[in-house]
Amino acid sequence: MHLESISLRDWKAFESATFDFPTPGKTRNVVVIGGRNGFGKTSLFEALALGLFGRDGLRLVLRAGVASDDQGRAQSFKDFMERALFGNALAKGRNSCRIELKFIDDVGEPIWIDRTWYFNDQGKLKSGESAEQLKIFQGIGRRVVGPGRTEHDVEGWYRDWLSKTFIPTSLAGFFLFDGESAAVYAERDMGSQVREGIEGLLGLNWLKQLQKDLRGYANSKRSQVPKGVSNEAIAELDAAVNAMEDELARCKERLTTIETDIRDNEALRDALTRELGYGAGTRAQLEELTRDQADHEKRYNAAQDQLVRASQSDLPLALAGGLLLSKVETRLDQESRLDQWEAALSQRDSRTASVLEFLNEQLPSVEPALLERQVDSVRGAVEKALERLWFPPPGDVADGFRHAHARGPMLHRVLDRLRDAKAVSSASIIELLETMESSSAKLREVAALIRSTEGSTPQVEEKRDQLNDINLKIGVMREERGSLTNIVKSRGADLEQKRRELGRLTGHLDQSERPAQLAGRAEQVARC
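Conventions adopted
In this convention, every chain numbers its residues from 1, walking through the sequence in written order. pLDDT decides what is reported in this predicted model: residues at 70 or higher carry local features, side-chain atom pairs at 80 or more are listed and counted, and totals for whole chains, interfaces and linings draw on all residues regardless. Think of the side-chain values as coming from all heavy atoms in the structure, minus any hydrogens and water. Where helices and strands are cited, they refer to DSSP runs of H or I of at least four residues and of E of at least two residues respectively, numbered from the N terminus. Burial status follows relative accessibility: with a 1.4 Å probe on protein chains alone, a residue under 20% of its type maximum counts as buried, one over 50% as exposed, and anything between as partly exposed. Note on contacts: a residue pair qualifies if any of its non-hydrogen atoms lie within 4.5 Å across the two residues. Only the protein chains shown count as cover for residues, and all accessible areas are computed by the Shrake-Rupley method using a 1.4 Å probe. A pairing counts as a salt bridge when a side-chain nitrogen of Lys or Arg comes within 4 Å of a carboxyl oxygen of Asp or Glu. Paired strands are those between which DSSP finds at least two bridges. Fitting a line to C-alpha atoms yields each axis, with helices limited to the stretch in contact; the angle taken between N-to-C directions then spans 0 to 180 degrees. Aromatic contacts are taken between Phe, Tyr and Trp rings whose centres are within 6.5 Å, Trp giving its six-membered ring; a plane angle under 30 degrees counts as stacked, one over 60 as edge-to-face, and the others as tilted. Placement of a charge over a ring requires the Lys NZ or Arg CZ to be within 6 Å of the ring centre, with the centre-to-atom vector within 35 degrees of the ring normal. Each angle receives one of four descriptions, namely roughly parallel if under 35 degrees, roughly antiparallel if over 145, roughly perpendicular if within 65 to 115, and oblique otherwise. In a left-handed crossing the near helix is turned counterclockwise from the far helix by less than a right angle, and in a right-handed crossing that turn is clockwise. Each residue receives one of three labels: charged for Asp, Glu, Lys and Arg, nonpolar for Ala, Val, Leu, Ile, Met, Phe, Trp, Tyr, Cys and Pro, and polar for the others, Gly being one of them. A helix's residues, less one, multiplied by 1.5 Å, set its expected span. Counting of polar contacts relies on pairs of N or O atoms within 3.5 Å, with two restrictions inside protein: one atom must be capable of donating a hydrogen and the other of accepting it, and residues adjacent in sequence are counted only when both atoms are side-chain atoms.

**Side note on the overall build of the protein**
A tally of helices and strands in the protein yields 18 helices and 6 strands. A total of 528 residues make up the protein; the buried ones form 35% of that total. Considering only intrachain contacts with a sequence separation of at least 6, the fraction spanning at least 24 residues in the protein is 71%. Total accessible area on the protein stands at roughly 32,100 Å², and carbon and sulfur atoms take up 52% of it.

Structure representation (structure tokens):
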């Protein structure tokens, strides 16, 4: 699936414009859109987000702001759309703006998504169903895609179709964002691997390599000391361990609270569904329908939780494809062996000197006594033999470090993530999406039956609204629970690694004080 074109009319600064994108190939699959500030790059991205998802796409728009409830989100969407209408549209007699997206699916069939928003003469977005018109066409013959005449929830049907054909809006933020959003994400604490990756993209790893080269003498001395062994480093690592322990404790405490709240709200929901069984319809019918509704909601929420966990851990990497993941894994394995060889090489001089010193002590005791030139010959032969231990390097090491930001424990964590990503199955993701789709369709069907069976007294309507609010609240808490569970899992592994590192540094501190002093003096010389 790829985007072929975007057509805009009276959208932001674009009175009428069409943007065509080339068909991606194996070696040409990236399109770069550049321009100075204020020239419409973000407006084009916003057209893509809202043209694809409609009002649900507003969560992808950084400039739209964040609202805490449905009323606030509706107002934010209304304000944004009224600002989006082309400035001279009303003066020229046009009371609408339009976005058309054209995609080509995996079998080469075109898909058109056409959205139009309508405004009154004062430029205010119309209310209700008259505010927006959505049309979807598929295939060369532009076959109309839409719900059947008996569908009660038309908006929900379109939302499910877009989620199945493209991606659920709840997951779109992981894959669809512009440069401004990327800058905001980079400020968040999303794991050391993300920060290291951004440093690599910005070229900071090359600056670090240059700094390392300028301090060659200091590094050669420091190679005799376990990295980071100093009172300051231990204090810093200890502080980091304490901070991570506090963060984990807060997350676990919040998880406990959420679990209790979910249980309480589910109990309240079950009680309300039982009470709603006393409406105009028969009690047995309503009880059966409410049980079906609860079962489908649990299936949908369980599938969504699994999909969110996959998208936050291994799915983004798995989307790169098994061939690319295998190539990166092979390269990182070679760089790991190169790192081990260089670590051993850094101790070459001290080990060679130690062997030669022992040899000099033993040669005088050799019988019969050796001549001076024989002693020199023996010493030279031993030196050449020792040199063969280091050169040439093994044949299975890399020719250099392409991923200089991933060294030591970080390299092993990256390799573990790559191997986990290779194990992700597309069939399992498709199965989760199909489960969500079928559960959503069943929920709409059951909801329609419940409405037709229940009475319409104010008391029943009030309890129905309360039940809807509780279901929304449970959904929000489930999402937060999934995020916190992922945080506890990832931070727990990082915490254990830092605890082991802290123990290792503490054990080596006394044995490394003298080499550390020499390294410090060499560092002072390097700064001059």
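**Notes on the pattern of salt bridges**
Scanning all chains against the criterion turns up 27 salt bridges. Residues arginine 9 and aspartate 10 are paired through a salt bridge, measuring 3.0 Å at the closest nitrogen-oxygen approach. Overall, the relative accessible area of 24% leaves arginine 9 in the partly exposed class. Judged by its relative accessible area of 0%, aspartate 10 is buried.

**Thoughts on the sheet that holds strand β3 (residues 96-104)**
Pairing is antiparallel across the open sheet formed by 6 strands, whose spatial order is β2-β1-β3-β4-β5-β6. At either end of the open sheet lies a strand with only one pairing partner, and these are β2 (14-20) and β6 (143-145). Going from strand to strand, the sheet's axes swing by 15 degrees on average, the running direction of each strand aside. In terms of strand pairing, strand β1 (residues 2-11) meets β2 through 6 bridges, oriented antiparallel. Opposite arginine 9, over in β2, you have serine 16 as the bridge partner. Strands in contact with helix α1 (residues 41-53) are β1, β2, β3 and β4 (110-118); relative to β1, the strand with the most contacts, it is inclined by about 100 degrees. Helix-sheet contacts for helix α2 (residues 70-84) involve β1, β3 and β4, and the interaxial angle to β1 is about 80 degrees.

**Thoughts on the packing of aromatic side chains**
This structure, assessed with the given rule, holds 6 aromatic pairs. For the pair tryptophan 11 and tryptophan 117, a centre-to-centre distance of 6.2 Å together with 35 degrees between the ring planes defines the contact as tilted. Remark: tryptophan 117 occurs in strand β4 and tryptophan 11 occurs in strand β1; sequence separation between them is 106 residues. Comparing tryptophan 11 with tryptophan 117 shows no difference in burial state: the two are buried. In this structure an aromatic cluster arises from ring pairing among Trp11, Phe80 and Trp117. For arginine 142, the ring lying beneath its charged end belongs to tryptophan 112, and the centroid distance is 4.6 Å. Directly above the aromatic system of phenylalanine 137 lies the positively charged group of arginine 142, at a separation of 4.3 Å from the ring centroid.

**Quick look at the pairing of β4**
Most of β4 sits out of view: 8 of its 9 residues are buried. Examined bridge by bridge, β3 and β4 share 9 bridges and lie antiparallel to one another. If you follow lysine 102 over to β4, its bridge partner there is tryptophan 112. Relative to strand β5 (residues 132-138), β4 runs antiparallel, the two being bridged by 7 bridges. The residue bridging isoleucine 113 from the neighbouring strand is isoleucine 136, located in β5.

**Focus: the packing of helix α12 (residues 322-345) against helix α15 (residues 409-422)**
One way to put it is that α12 packs onto α15 with a least axis distance of 10 Å and a crossing angle of 155 degrees. When the interaxial angle is binned, α12 and α15 end up roughly antiparallel. Between α12 and α15 the crossing geometry is left-handed. Between α12, through Leu325, Ser326, Val328, Glu329, Leu332, Asp333 and Ser336, and α15, the contact on the second element is made entirely by Leu411, His412, Val414, Leu415, Leu418, Arg419, Ala421 and Lys422. For the contact of α12 with α15, a count of residues per class yields 8 nonpolar, 3 polar and 4 charged.

**Description of unusual backbone geometry**
Of note, the bond from glutamate 367 into proline 368 is cis; its omega dihedral lies within 30 degrees of zero at -10 degrees. Phi at lysine 12 takes a positive value of approximately 55 degrees, unusual for a residue other than glycine. The topology assignment puts lysine 12 in the loop between β1 and β2.

**Section: helix α3 (residues 154-165)**
Along an α-helix, a turn takes 3.6 residues, which lines up residues three or four apart on a common side. Along its 12 residues, α3 runs 17 Å from first to last C-alpha, staying within 8% of the 16 Å computed at 1.5 Å per residue. For α3, every residue scored as buried is listed here: Gly156, Trp157, Tyr158, Asp160, Trp161, Leu162 and Ser163. One side-chain oxygen at the N-terminal end of α3 lies 2.9 Å from the backbone nitrogen of glycine 156; it belongs to aspartate 153.

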